[in-house]
Amino acid sequence: MKFLVFLIFCVNICFAQNITGTAYYKKELKSQKFDVNSNKDIHNMISKASESLIFELFFDKSVAIFLQQKKIYHDKKSKLISKLGAFGASGIVYTDIDNSSLIYQKNLGGETFLINYPFPYFKWELINETNKIGKFLCYKALHTEDYIDKNGREGKKIVTAWYTPEIPTSFGPHIYGGLPGLIVELDNGMQVFRLTKIKFTNEKNGKLKKPIKGLKVNKNEYDKIVKEMLNERLGRN
């Protein structure tokens, strides 16, 4: 495994000097277990809407921005369903490798937040396992992620990523990255991101702009806000 990491590092240095491009991802919601109060029809509707969305990752050698591709909606219902479909991947994620930072701009309860993460944030375990996804030879990585469910309960889940050293950039979909190659597929237990297309260019990308609107908080502060809002909604002290 140490040799694998060294080899990937060498490939990255040789190829990533002027790498600039756009990666396109689609998102699929995983099947959920439903309780008595859950509405399976609503979940299926949101799942279908989610699969119709396209997410874009604009990147150069050190900066990336991930966001949902803009669409024109002709009625309020379609727009609302689309927003629900983007759940878990809404907002804008800006990653700056040189400054070891990731900023996630998102809306919660009508307020916009700028959530600051260190980069790389995830502590990946590189697995000696390969998989051919499309035309790319990919390698497996695992991470155990903390999360808060809809009832305010804390838990842990396994995140599985498949990355390819053939595209030597440390970016990926949404907040996920920090691997020695672009993430081609990622399963975080609730949804699966899949790379569908990638385009390279020699031109500078004007969309790589750092989001500045919102209340600045770190990840721990944001998690505390989420728990307080959920406890208030559920009538807990």
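Okay, so let's go over this structure.

### Side note on the packing of aromatic side chains
- In total, this model carries 11 aromatic pairs according to the counting rule given.
- Aromatic pair Phe113 and Tyr222: ring centres 5.5 Å apart, planes at 75°, arrangement edge-to-face. Pair noted here: Phe113 is in strand β6 (residues 111–118) and Tyr222 is in helix α4 (residues 219–233), with a separation of 109 residues, a long-range link.
- Taking relative accessible area as the criterion, Phe113 reaches 2% and is therefore assigned buried.
- Judged by relative accessible area, Tyr222 falls into the buried class, the value being 7%.
- Aromatic pair Tyr117 and Tyr121: ring centres 4.9 Å apart, planes at 85°, arrangement edge-to-face.
- The partly exposed category is assigned to Tyr121, whose relative accessible area is 31%.

### Focus on the side chain of Lys157
- Within the secondary structure, Lys157 is located in strand β9 (residues 154–164).
- At 4.2 Å, Glu145 is the nearest oppositely charged side chain to Lys157, a buried residue that forms no salt bridge.
- Of the polar contacts made by the side chain of Lys157, one reaches the backbone oxygen of Asn188; its length is 3.4 Å.
- Excluding anything up to four places from it in sequence, Lys157 contacts His143, Thr144, Glu145, Tyr147, Asn188 and Met190.

The rules behind the values
Residues numbered from 1 in each chain as written. Predicted model: local features only at pLDDT ≥ 70, side-chain atom pairs only at ≥ 80, totals over all residues. Heavy atoms only, no water. Phe/Tyr/Trp six-rings, centres within 6.5 Å; stacked < 30°, edge-to-face > 60°. Helix = DSSP H or I, 4+ residues; strand = E, 2+ residues; numbered from the N terminus. Buried < 20%, exposed > 50% of the residue type's maximum accessible area, 1.4 Å probe, protein only. Lys, Arg positive; Asp, Glu negative; His and termini not counted. Salt bridge = Lys/Arg side-chain N within 4 Å of Asp/Glu carboxyl O. Polar contact = N/O pair within 3.5 Å; in protein donor to acceptor, adjacent residues only side chain to side chain. Contact = heavy atoms within 4.5 Å.

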